[in-house]
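Below, each chain spelled out in residue letters.
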Amino acid sequence: MTRNELIAALPKAELHIHIEGTFEPELMFEIARRNGVKIPYANVDEVRAAYDFHNLQSFLDIYYAGAAVLLYERDFYDLTRAYLLRCREDNVTHTEIFFDPQTHTARGVAFETVLNGIERACREAQEKWGISSCLIMCFLRHLSEESAFETLAQALPFRDKITAVGLDSSEVGHPPAKFKRVFAKAREHGFLAVAHAGEEGPPQYVYEALDLLKVTRIDHGVRSAEDDALMHRLVELQIPLTVCPLSNLKLKVVNDLSRHNLRHMLQRGVLVTVNSDDPAYFGGYVNQNFIELAEALDLSNDDIRILCKNSFKASFISDAEKKAWYRHIDETV
Ligand code: HPA
Ligand code: ZN
């Protein structure tokens, strides 16, 4: 099997995917039209041409503008269904989906509307296609601690539908420490915890996410490689990093994929995984991330198998389910 055939054939889990970041321009136009919302582009080509980013913030400005056409439960359902169809194509058999309630509640959309639409599409994907999923509710770190507490309160009636809390949006200037108390409260309620850290922010933010927010997984985390003691800790405790190669390239976290440190971290024994982050904006879903990274770093077929096993190992599924997926991966030849 060629490397690309193996990538396509192996089952994999996706652990770093923002549902709002899967909003393809075609669907954005369709939903804008039916909701009577104006968007500042004439056609999908103009939208795609605007996706030229120089850092995280330049992306976030466009990403939040795009999400503003989502109003009704059906919109969130359609968005999530389209993503889950892509999962089926890419052999993503399990996905842990981020959603940003504050992006929508700030515009007057009810928390329940967002959650119900996403959840209905997830339930259907499980029934029809055997794709399992869970939801991770992210707090926007550029907003206040108070707003995060309000969001947590809104989530409590739906506690059984949300597995974990996360932290995303503008990283630099908004350290994990700002959300120490709200994460503590979320963990008291039984939510697991993850956080974006070490994407644009320094290794210190990764330490804070681990020590103050008590996360079990770091999103991105690529700047951890700048701190040797931190690397040791990640290896020793097998703390997963959900790495997003094409995102790192498009947001200029790396200048060239061939300079990406994923291979280095893999060789040092860090539990790294490959994910798409915001695939509608960054030019590719999971398999495309694997294909381009493998090409740039000359990854072997064994590396690809390890990365797919890591994706399940780092996920929130049971140990029995993990073992079953490892077996599937070993049996794919
Ligand atoms: N980083 C921070 N916030 C985000 C991202 C990201 O990569 N994608 C969507 N929101
Ligand atoms: Zn992200």
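About the criteria used
- Residues numbered from 1 in each chain as written.
- Chains lettered and ligands numbered in written order.
- Predicted model: local features only at pLDDT ≥ 70, side-chain atom pairs only at ≥ 80, totals over all residues.
- Heavy atoms only, no water.
- Helix = DSSP H or I, 4+ residues; strand = E, 2+ residues; numbered from the N terminus.
- Rg over C-alpha atoms; globule rule 2.2 N^0.38 Å.
- Buried < 20%, exposed > 50% of the residue type's maximum accessible area, 1.4 Å probe, protein only.
- Contact = heavy atoms within 4.5 Å.
- Areas by Shrake-Rupley, 256 points an atom, 1.4 Å probe, with all protein chains shown as cover.
- Near = heavy atom within 4 Å.
- Polar contact = N/O pair within 3.5 Å; in protein donor to acceptor, adjacent residues only side chain to side chain.
- Donors = N, O, S within 2.8 Å, 3.2 Å for Na, K, Ca; no water.
- UniProt positions renumbered as here; feature names shortened; annotations may be inferred.
- 1 Å grid on protein atoms, 1.4 Å probe; cavity = no way out; pocket = protein on both sides within 12 Å on 5 of 7 lines; lining within 4 Å.
- Axes fitted to C-alpha atoms, helices over the stretch in contact; angles between N-to-C directions.
- Parallel < 35°, antiparallel > 145°, perpendicular 65-115°, else oblique.
- Left-handed = near helix turned anticlockwise from the far one by under 90°.
- Nonpolar A, V, L, I, M, F, W, Y, C, P; charged D, E, K, R; others polar.

From N to C terminus, the chain includes 17 helices and 8 strands. For a compact globule of 333 residues, the expected C-alpha radius of gyration is about 20 Å, and the chain comes in at 19 Å, within 12% of that figure. Each principal axis of the C-alpha distribution contributes one length, and for the chain these read about 50 × 40 × 40 Å. Here the chain holds 333 residues, and 56% of them are scored as buried. When contacts within the chain are restricted to residue pairs at least 6 apart in sequence, long-range pairs at least 24 apart make up 76% of them. Roughly 13200 Å² of accessible area belongs to the chain as shown, and the carbon and sulfur atoms make up 49% of that amount.

Here we come to the site of ligand 1. Residues in contact with ligand 1, as listed here, are His-18, Leu-56, Phe-59, Leu-60, Tyr-63, Asp-168, Ser-169, His-196, Glu-199, His-220, Asp-277 and Asp-278. Interatomic distance of 2.8 Å between a backbone N/O atom of Ser-169 and a nitrogen atom of ligand 1. Interatomic distance of 2.7 Å between a side-chain N/O atom of Asp-278 and a nitrogen atom of ligand 1. Calculation on ligand 1 without its partners gives an accessible area of 260 Å², and the protein chains cover 100% of this total.

Protein ligation of the zinc ion (ligand 2) involves His-16 (NE2), His-18 (NE2), His-196 (NE2) and Asp-277 (OD), the donor distances falling in the range 2.0 to 2.3 Å. Sequence positions of the donors to the zinc ion (ligand 2) reduce to the motif H-x1-H-x177-H-x80-D. Taken as a pair, His-16 and His-18 share a single burial class, namely buried.

Despite not being glycine, Lys-214 shows a phi value in the positive range, around 55°. With respect to the helices and strands, Lys-214 occurs in the loop between α10 (203–211) and β6 (217–220). Lys-214 sits in the partly exposed class, given a relative accessible area of 47%. Even without glycine at this site, Asp-298 takes up a positive phi of about 55°. Take Asp-298: it is sitting in the loop between α15 (286–297) and α16 (301–313).

In this numbering, the UniProt entry assigns the feature "binding site: Zn(2+)" (unreviewed entry) to His-16, His-18, His-196 and Asp-277. The largest pairwise C-alpha distance within this set of annotated residues, which runs over 262 residues, is 11.7 Å, so the set is compact in three dimensions. Those annotated residues from the list above that line the largest cavity are His-16, His-18, His-196 and Asp-277. Here His-18 is to be found in strand β1 (residues 12–18). Since its relative accessible area comes to 4%, His-18 is described here as buried. Discounting residues that sit within four places of it in the chain, His-18 has contacts with Tyr-63, Phe-98, Asp-100, Asp-168, His-196, Asp-277 and Asp-278. Within the element layout of this structure, His-196 appears in strand β5 (residues 192–197). Accessibility expressed as a relative area gives 5% for His-196, which makes it buried. Excluding residues within four positions of it along the chain, His-196 makes contact with His-16, His-18, Phe-98, Arg-141, Leu-167, Asp-168, Glu-171, Asp-219, His-220 and Asp-277. Side chain to side chain, His-196 and His-16 meet in a polar contact 3.0 Å long.

This paragraph deals with the packing of α16 against helix α17 (residues 319–331). Packing of α16 against α17 leaves a shortest axis separation of 9 Å and a crossing angle of 165°. Taken together, the axes of α16 and α17 lie roughly antiparallel to each other. In the crossing of α16 with α17, the sense of the turn from one axis to the other is right-handed. For the pair α16 and α17, the contacting residues are Arg-305, Cys-308, Lys-309, Phe-312 and Lys-313 in the first and Lys-322, Trp-325, Tyr-326, Ile-329 and Asp-330 in the second. For the contact of α16 with α17, the per-class residue count stands at 5 nonpolar, no polar and 5 charged.

Turning our eyes to something else, we now look at the environment of Leu-156. Along the chain, the position of Leu-156 falls in the loop between α8 (145–155) and β4 (164–168). For Leu-156, a relative accessible area of 29% gives the class partly exposed. With 101 residues separating them along the chain, Leu-156 and Leu-257 place their C-alpha atoms 41 Å apart. Among residues more than four places away in sequence, those in contact with Leu-156 are His-189 and Phe-191.

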